[in-house]
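Summary of structural features
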Amino acid sequence: MTKEFNKVVLSIHAHPDDAEAWNAGVLKLLKDKGYKIVIATLTGGDLGGCNMSMEETARVRFEEAKKAAAVLDAEYYTLGGIDGFLFDTKELRLKVISLIRSVRAGIIFTHLPSDYHSDHRTTANIVETAAMVSSLDTVPVKEKPVDITPLLYHSSPLTLSDPLGSQIVPPHFFVDVTSVIETKKKMLGCHISQIELMQHMHKMDDFFGFVAEGNRNYGKMVGVEYAEVYWQHLGGGFQKEPQVQNDLSEFLINKKLWL
Ligand SMILES: [Zn+2]
């Protein structure tokens with residue numbers, strides 16, 4: 001029996017700008033296929049500011065994230081974790097479960113478990129655990145359980161290697177995002193505060209260009225101009241229907257890698 005998953009996508013990552021950097025192309029393509037998009041971050045990106053307090057930074061970044069989400073008519077939520085000090089807590093897991101339930105997510109995107117950033121790895125763990133129990137009656141949150149465990153997908157880290165430089169599992173699929181790259185750039189471009197931060201942290205003069213270059217490099221691997229890369233979570237406890245792959249089939253590359 002083919003299962004249908006609710007056409008609501010929850011893109012939930014650690015920091016404001018993560019969804020825009022790693023996931024926005026596919027979010028736009030799914031929106032165009034009739035999906036509703038919800039963007040959330042576990043932290044407010046509190047540490048990611050220059051010459052601002054953490055509170056002020058979180059305020060600025062909230063507005064930037066809201067603006068970026070609005071490009072896709074998406075709602076934006078931030079769940080109160082602290083940037084750089086993100087821990088896997090019961091409180092955060094419950095908040096994620098509540099959010100999955102309140103938006104009735106059928107599809108979830110989050111970081112890869114072997115991502116380069118500790119907050120990203122923690123987020124991947126919290127989201128995976130929360131998604132797995134989001135359909136259970138026994139979880140102590142007030143929102144009604146979802147009907148079925150959502151499909152879980154992982155978005156790209158900066159490179160296809162783990163934090164120690166070893167190659168990771170090849171992406172399960174690439175998505176050609178050339179047709180929506182301008183939307184992605186527009187969303188990322190809302191995070192103006194990050195230009196100065198990246199200059200300060202990494203002496204990087206063109207943060208937005210750096211992300212586009214990453215998509216261009218992924219594109220080169222599969223012969224298109226710009227691509228994003230994804231993995232479907234295939235661990236026990238999760239549904240394995242390739243709904244996103246099917247709905248974006250005309251943009252998909254490396255179909256042979258589907259499981
Ligand atoms: Zn991040």
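Use the structure listed above.
Residues numbered from 1 in each chain as written. Predicted model: local features only at pLDDT ≥ 70, side-chain atom pairs only at ≥ 80, totals over all residues.

Considering the overall build of the chain
Heads up, the condition is: Helix numbers and strand numbers start at the N terminus; a helix is a DSSP run of H or I with at least 4 residues, a strand a run of E with at least 2. Comment: burial labels come from other C-beta atoms within 10 Å of the residue's own C-beta, placed from the backbone, where a count of 20 or more is buried, 12 or fewer is exposed, and between is partly exposed. It is the C-beta atoms, placed from the backbone, that decide contacts: two residues are in contact if theirs lie within 7 Å.
When helices and strands are counted, the chain shows nine helices and eight strands. Over its C-alpha atoms, taken along the principal directions, the chain stretches across nearly 50 × 45 × 35 Å. Going through the 259 residues of the chain one by one, you find that 47% of them count as buried. Pairs at least 24 apart in sequence give 75% of the contacts found in the chain among residues at least 6 apart.

Here's the deal with the packing of helix 2 (residues 24-32) against helix 6 (residues 181-188)
Quick note on the threshold: Only the contacting stretch of a helix is used when fitting its axis, a line to C-alpha atoms as for every element, and angles between N-to-C directions run 0 to 180 degrees. Geometric relationships in this document are graded by angle, where less than 35 degrees denotes roughly parallel, more than 145 denotes roughly antiparallel, 65 to 115 denotes roughly perpendicular, and other angles denote oblique. Whether a crossing is left-handed or right-handed is set by the direction in which the near helix is turned from the far one by less than a right angle, anticlockwise for left-handed and clockwise for right-handed. Note on residue categories: nonpolar means Ala, Val, Leu, Ile, Met, Phe, Trp, Tyr, Cys or Pro, charged means Asp, Glu, Lys or Arg, and polar means any other residue, Gly included.
Where helix 2 meets helix 6, the closest approach of the two axes is 9 Å, and the angle between their N-to-C directions is 120 degrees. As the angle between them shows, helix 2 and helix 6 are arranged oblique. Between helix 2 and helix 6 lies a crossing whose hand is right-handed. Residues Ala24, Gly25 and Lys28 of helix 2 lie in contact with helix 6, whose contacting residues are Ile181, Thr183, Lys184, Met187 and Leu188. A per-class count over the contact of helix 2 with helix 6 returns four nonpolar, two polar and two charged.

Let's talk about the pairing of strand 3 (residues 75-81)
Let me state the cut-off plainly: Here a strand pair is declared whenever DSSP counts at least two bridges between the two strands. When the strands point away from the viewer and the path from the first strand over the helix to the second turns clockwise, the crossover is right-handed.
Relative to strand 3, strand 2 (residues 36-43) runs parallel, the two being bridged by five bridges. Bridge pairing in strand 3 links valine 38 to glutamate 75. Chirality of the crossover, the property in question, places the unit of strand 2, helix 3 (residues 54-70) and strand 3 among those that are right-handed.

A word on helix 2
In terms of burial, helix 2 is largely enclosed, as seven of its nine residues are buried. Regarding helix 2, the residues found buried are Ala24, Gly25, Val26, Leu27, Lys28, Leu29 and Leu30. One or two residues past the end of helix 2 sits glycine 34, with phi positive at roughly 100 degrees.

Things to note about the nonpolar core
In summary, soluble globular proteins display a tendency toward joint burial of nonpolar side chains. Stated formally: Note on definitions: a nonpolar core is a set of buried residues drawn from Ala, Val, Leu, Ile, Met, Phe, Trp, Tyr and Cys, linked by C-beta atoms within 7 Å.
Leu10, Val96, Ile100, Ile108 and Val175 are the most contacted members of the largest nonpolar core, which totals 66 residues. Excluding anything up to four places from it in sequence, leucine 10 contacts Val38, Ala40, Leu99, Ile100, Val103, Ala105 and Ile108.

Overview of unusual backbone geometry
Within the chain, aspartate 17 stands out as a residue other than glycine whose phi angle is a positive 100 degrees. On the secondary structure map, aspartate 17 appears in the loop between strand 1 (8-13) and helix 1 (18-22). The exposure class of aspartate 17 is buried, given the 27 C-beta atoms found within 10 Å.

Details of the pairing of strand 5 (residues 151-154)
Side chains Leu151 and Tyr153 project from strand 5 onto one buried face, and the interleaved Leu152 and His154 project onto a second face that is buried too. Following the backbone out of strand 4 (residues 107-110), through helix 5 (residues 118-133) and into the adjacent parallel strand 5, one traces a crossover that is right-handed. For strand 5 and strand 7 (residues 227-232), the ladder comprises two bridges, and the chain directions are antiparallel. The residue bridging tyrosine 153 from the neighbouring strand is glutamine 232, located in strand 7.

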